[in-house]
Amino acid sequence: EEGHDHGSEDPHAWLNPDNAQVWLGLIAAELSRLDPENAATYRANAAAADKGVAALDAEIAGILAPVKGKPLLTYHEAFGYFGDHYGLDFVGSVALGDASSPGAARLVDLRRGIESGGVVCLFPEVQHDPALMEQLAEGTGVRIGGALDPVGSSLEPGPGAYAALLRKLAETIVDCAGG
């Protein structure tokens, strides 16, 4: 938790595939500058990856289509880029951008929102204790989804990690909110 202050900016920009596609070109350009002998390989790899991200983006949009507009609550504010890109309605989070523990007044406000029908699913996160989400949902009938992992810390590292990250987020959200 130390040093996890987002300030006014959401640092989870990788959760929007448009950003990933921009970064591919920038990374290929910088690698080409540093290693001109292999510039063609870097450009070709970036072009192939760009097509892969575009296909992944279309796949994820299809997976998430059934949950567009459904109000969702997450543990912390990590899903702005993802939600904006895919038309999801993240109505709030338990912890604010600095990921600090919420105070009693914030929990009361969240509970009122949940009880008023303003949320269909609560999502804990892999990096945080789910007990608070369970307490917020207790007696409301609101479902608790699987733990979201915005940084992919629970995934196997490697070439397929980015696709696995976005798929896992989408599938976890639909598993809870899609029904």
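Residues numbered from 1 in each chain as written. Predicted model: local features only at pLDDT ≥ 70, side-chain atom pairs only at ≥ 80, totals over all residues. Heavy atoms only, no water.

**Student:** Would you mind going over the confidence of the model for the protein with me for this structure?
**Tutor:** Note: predicted coordinates in regions of low pLDDT should not be interpreted at a detailed level. Residues at a pLDDT of 70 or more form 93% of the protein, whose mean pLDDT is 91. For residues 1-7, every residue scores under 50 in pLDDT, and the model assigns this stretch 15 contacts once sequence neighbours within four places are set aside. (pLDDT = per-residue confidence, 0-100. Contact = heavy atoms within 4.5 Å.)

**Student:** Can you walk me through the pairing of strand S2 (residues 89-95) in this structure?
**Tutor:** Remember that side chains alternate between the two faces of the sheet whenever the strand is regular. Pairing analysis gives five bridges linking strand S1 (residues 71-76) to S2, with the strands arranged parallel. The residue of S2 that forms the bridge with Pro71 is Asp89. Between the parallel elements S1 and S2, the chain passes through helix H3 (residues 80-86) in a crossover that is right-handed. (Pairing = 2+ DSSP bridges. Helix = DSSP H or I, 4+ residues; strand = E, 2+ residues; numbered from the N terminus. Right-handed = clockwise from strand over helix to strand, strands pointing away.)

**Student:** Help me understand helix H6 (residues 161-177), please; the structure alone is not making it clear to me.
**Tutor:** Since the α-helix turns once every 3.6 residues, residues separated by three or four places project in the same direction. The end-to-end C-alpha separation of H6 is 24 Å, in line with the 24 Å expected for 17 residues at 1.5 Å each. For H6, the set of buried residues is Ala163, Leu165, Leu166, Leu169, Ala170, Thr172, Ile173, Cys176 and Ala177. (Expected span 1.5 Å × (residues − 1). Buried < 20%, exposed > 50% of the residue type's maximum accessible area, 1.4 Å probe, protein only.)

**Student:** Would you take a moment to explain the sheet that holds S1 for this structure?
**Tutor:** Two modes of strand pairing occur in sheets, parallel and antiparallel, and in both the strands are linked by backbone hydrogen bonds. Spatially, the four strands line up as an open sheet ordered S2-S1-S3-S4, and their pairing is parallel. Bordering the open sheet on either side are S2 and strand S4 (143-144), each of which pairs with just one other strand. Strand direction decides the pairing type here: strand S3 (residues 121-123) and S4, joined by two bridges, are parallel. Directly across from Cys121, in S4, lies its bridge partner Arg143. Its contacts with the sheet place helix H4 (residues 104-115) against S1, S2 and S3, and it is angled at close to 150° to S2. (Axes fitted to C-alpha atoms, helices over the stretch in contact; angles between N-to-C directions.)

**Student:** What's the story with the pattern of salt bridges in this structure? I'm lost.
**Tutor:** Pairing between side chains of opposite charge can happen when their charged atoms approach one another. Here the structure, examined in full by the defined rule, presents four salt bridges. Here Arg112 makes a salt bridge to Asp109, at a shortest N to O gap of 3.7 Å. On the criterion of helical spacing, the pair formed by Arg112 and Asp109 is a turn pair, its members being three residues apart in helix H4. Among the ionic pairs, Arg111 bridges to Glu115, the shortest N-O distance being 2.8 Å. Separated by four residues within a single helix, Arg111 and Glu115 lie in helix H4, roughly one turn from each other. (Salt bridge = Lys/Arg side-chain N within 4 Å of Asp/Glu carboxyl O.)

**Student:** For this particular structure, what's the right way to read a nonpolar patch on the surface?
**Tutor:** The grouping of Val22, Trp23, Leu26, Ile27 and Leu31 at the surface amounts to a nonpolar patch, some 470 Å² of accessible area in total. With respect to the helices, strands and loops of the structure, Leu26 is situated in helix H1 (residues 17-34). (Patch = residues over 30% accessible without salt bridge, like charges linked within 9 Å, V, L, I, M, F, W, Y side chains within 5 Å. Areas by Shrake-Rupley, 256 points an atom, 1.4 Å probe, with all protein chains shown as cover.)

**Student:** Where do I start with the side chain of Asp149 in this structure?
**Tutor:** You can see Asp149 is positioned in the loop between S4 and H6. It turns out Asp149 is buried and unbridged, and the closest side chain with the opposite charge, Lys168, is 8.8 Å from it. At a separation of 2.8 Å, a polar atom in the side chain of Asp149 contacts the side chain of Gln127. Reaching out from Asp149, the side chain makes a polar contact with the side chain of Ser154 at a distance of 2.6 Å. Once you skip the residues sitting within four places of it in the chain, Asp149 turns out to touch Val126, Gln127, Ser154, Leu155, Leu165 and Leu169. (Lys, Arg positive; Asp, Glu negative; His and termini not counted. Polar contact = N/O pair within 3.5 Å; in protein donor to acceptor, adjacent residues only side chain to side chain.)

**Student:** Where do I start with the state of the cysteines in this structure?
**Tutor:** What makes a disulfide is a covalent bond joining the sulfur atoms belonging to two cysteines. Counted by the stated rule, this structure contains one disulfide. Residue pairing for Cys121: its cysteine sulfur links by disulfide to Cys176, the two sulfurs lying 1.7 Å apart. Measuring handedness by torsion sign, the sulfur bridge of Cys121 and Cys176 sits at about -100° and is left-handed. In this pair, Cys121 is assigned in strand S3 and Cys176 in helix H6, connecting sequence segments 55 residues apart. The residues Cys121 and Cys176 share a single accessibility class, namely buried. (Disulfide = S-S within 2.5 Å.)

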